[in-house]
Protein chains: 2
Amino acid sequence: MQRILGIDPGSRVTGYGIVDAGYGKVVFVSCGVIKTTPSFPLANRLNEIFEGINEVVQIHDPEVAAVEEVFISTNANSALKLGQARGAAVVAAMQNGLAVYDYSAKKVKRAVVGYGQAEKRQVQHMIRVLLGLSATPSNDAADALAVAICHANHQVSR
Amino acid sequence: MQRILGIDPGSRVTGYGIVDAGYGKVVFVSCGVIKTTPSFPLANRLNEIFEGINEVVQIHDPEVAAVEEVFISTNANSALKLGQARGAAVVAAMQNGLAVYDYSAKKVKRAVVGYGQAEKRQVQHMIRVLLGLSATPSNDAADALAVAICHANHQVSR
């Protein structure tokens, strides 16, 4: 079994999800969100993301991280903000010795829903079904679990 | 005197510059660039930026960091890459307990050349003059020194 940390980065909310994968199975371990303090300057919020991911890694000890390639909006300004959140999350994983893999949103959706244009609700629903959860995780936590599952599938097919 | 670390982030080359500022003077301490390995995946290059800044902080022990707000191109994809480099650099400074200040490229240019639309060569030239250097620093190192000087000026005027 391999423990996978999925990350859905965002400057306001960063989702994380952890699964154990192997022998054709994917087992839910944990999921949640890192919410940054809205009143803080961006530098401090980036540090909150770094420390949040750091804490998750310390607690659950995953072996690899899979990170969603953040949504490229037409707005370069928001791409820049998202990029910084992603950078903070990625170096937190790297600093803990994790290998980091990137997956496009399309690939992630295809892995859990079966097609790349799936809506957020469909992802949330399928995550609940696939992992046999008793409740539907929040948007960001579901996306993070989805990218972890996407990585699990890619490992199997290698 | 306050020791200021200036950072000009970039996914390929990140410039850094260190000055001591106070009593109406700015004194050159060091400058250089962190070049990331082109053949590496982005995650590893972000980690190289994090560790490069970390090393610079360990060696020179600055009290604050001033980071240039990266150029917002019309290309969201490159903004995303630049954003990630910036995120990695900012959390490296934050993790070392530095306060981090942001300055727009315009403000930085105004601080060293006197006007916001100055060209790179003018910045390099003025950095050499202002700090009494015997050689012209590279583009990225000069930009990093410029943002450090910009912070020094803002401190004085407060």
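Not measured: the values here are computed from a predicted model.

> So what about the overall build of chain A? Which residues, and what values?
Helix and strand counts for chain A stand at five helices and five strands. When the helices and strands of chain A are read in sequence order from the N terminus, they spell out β-β-β-α-β-α-β-α-α-α. For 158 residues, the compact-globule estimate of 2.2 N^0.38 gives 15 Å, and chain A sits close to it at 15 Å. Seen through its C-alpha atoms, chain A measures out along the principal axes to roughly 45 × 35 × 30 Å.

> Pulling in residues and values, what's your account of the relation of the copies chain A and chain B?
Note on the copies: chain A fits chain B at an RMSD of 0.0 Å, the axial shift is 0.0 Å, and the rotation between them is 180°. Interpreted geometrically, this transformation is the action of a two-fold axis. A shared binding surface is used by both copies, with 100% of the interface residues of chain A retained as interface residues in chain B.

> Could you give an account of the packing of aromatic side chains, naming the residues involved and the relevant values?
Ring pairs (aromatic) are described by centroid distance and by the angle formed between their planes. All chains considered together, the criterion is met by one aromatic pair over all chains. Centroid distance Phe-50 of chain A to Phe-50 of chain B: 5.5 Å. Interplanar angle 5°. Geometry classified as stacked. Of this pair, Phe-50 of chain A sits in helix 1 (residues 42–60) while Phe-50 of chain B is found in helix 1 (residues 42–60), placing the two residues in two different chains. Comparing Phe-50 of chain A with Phe-50 of chain B shows no difference in burial state: the two are buried.

> Break down the nonpolar core for me, with residues and values.
Residues Leu-5, Ile-53 and Val-100 of chain A together with Leu-5, Ile-53 and Val-100 of chain B are the most contacted members of the largest nonpolar core, which totals 50 residues. Those residues in contact with Val-100 of chain B, other than ones at most four positions away along the chain, are Ala-43 of chain A together with Ala-65, Val-67, Val-90, Ala-93 and Met-94 of chain B.

> Tell me what's going on with the interface of chain A and chain B, and back it up with residues and numbers.
Reports of interface size often rely on the accessible area that becomes lost once the parts have come together. Across the boundary between the two partners, chain A contributes 24 residues, which contact 24 residues of chain B. Surface buried jointly by chain A and chain B totals about 2100 Å² across both partners, of which 71% is contributed by carbon and sulfur atoms. Seen at the junction of chain A and chain B, the total is zero salt bridges. At the boundary of chain A and chain B, one finds eight residue pairs in polar contact (both at pLDDT 80 or more). Contributing elements (two or more residues each) for the side of chain A that touches chain B: helix 1 and helix 2 (76–95) of chain A. Per-element accounting of the side of chain A that touches chain B gives the leading share, 14 residues, to helix 2 of chain A. In terms of residue class, the side of chain A that touches chain B is built from 14 nonpolar, eight polar and two charged.

> Please set out a nonpolar patch on the surface residue by residue, giving values where relevant.
A contiguous nonpolar patch, built from Met-1, Tyr-23 and Val-27 of chain A and spanning about 360 Å² of accessible area, is present on the exposed surface. Turning to its location among the elements, Tyr-23 of chain A is positioned in the loop between strand 2 (13–22) and strand 3 (25–35).

> Lay out the side chain of Thr-36 of chain A with the relevant residues and their values.
Residues and elements named next belong to chain A. Relative to the elements of secondary structure, Thr-36 occurs in the loop between strand 3 and helix 1. Side-chain polar atoms of Thr-36 contact the backbone oxygen of Ser-11, separated by 2.7 Å. In this structure, Thr-36 is in contact with Ser-11, Arg-12, Arg-45, Glu-48 and Ile-49, ignoring residues within four places of it in sequence.

> Give me the sheet that holds strand 5 (residues 99–103) of chain B: which residues, what numbers.
Residues and elements named next belong to chain B. Read from one edge of the open sheet, five strands run 3-2-1-4-5, paired in mixed fashion. At either margin of the open sheet sits one strand with a lone partner, and together these are strand 3 (25–35) and strand 5. Taking each pair of neighbouring strands and ignoring which way they run, the sheet shows an average axis angle of 20°. For strand 1 (residues 2–8) and strand 2 (residues 13–22), the ladder comprises seven bridges, and the chain directions are antiparallel. Directly across from Leu-5, in strand 2, lies its bridge partner Ile-18.

Thresholds, definitions, all that
- Residues numbered from 1 in each chain as written.
- Chains lettered and ligands numbered in written order.
- Predicted model: local features only at pLDDT ≥ 70, side-chain atom pairs only at ≥ 80, totals over all residues.
- Heavy atoms only, no water.
- Helix = DSSP H or I, 4+ residues; strand = E, 2+ residues; numbered from the N terminus.
- Rg over C-alpha atoms; globule rule 2.2 N^0.38 Å.
- Least-squares fit on C-alpha atoms with pLDDT ≥ 70 in both.
- Contact = heavy atoms within 4.5 Å.
- Phe/Tyr/Trp six-rings, centres within 6.5 Å; stacked < 30°, edge-to-face > 60°.
- Buried < 20%, exposed > 50% of the residue type's maximum accessible area, 1.4 Å probe, protein only.
- Core = buried A, V, L, I, M, F, W, Y, C linked by side-chain atoms within 4.5 Å.
- Buried area = accessible area lost by both parts, 1.4 Å probe.
- Salt bridge = Lys/Arg side-chain N within 4 Å of Asp/Glu carboxyl O.
- Polar contact = N/O pair within 3.5 Å; in protein donor to acceptor, adjacent residues only side chain to side chain.
- Nonpolar A, V, L, I, M, F, W, Y, C, P; charged D, E, K, R; others polar.
- Patch = residues over 30% accessible without salt bridge, like charges linked within 9 Å, V, L, I, M, F, W, Y side chains within 5 Å.
- Areas by Shrake-Rupley, 256 points an atom, 1.4 Å probe, with all protein chains shown as cover.
- Pairing = 2+ DSSP bridges.
- Axes fitted to C-alpha atoms, helices over the stretch in contact; angles between N-to-C directions.

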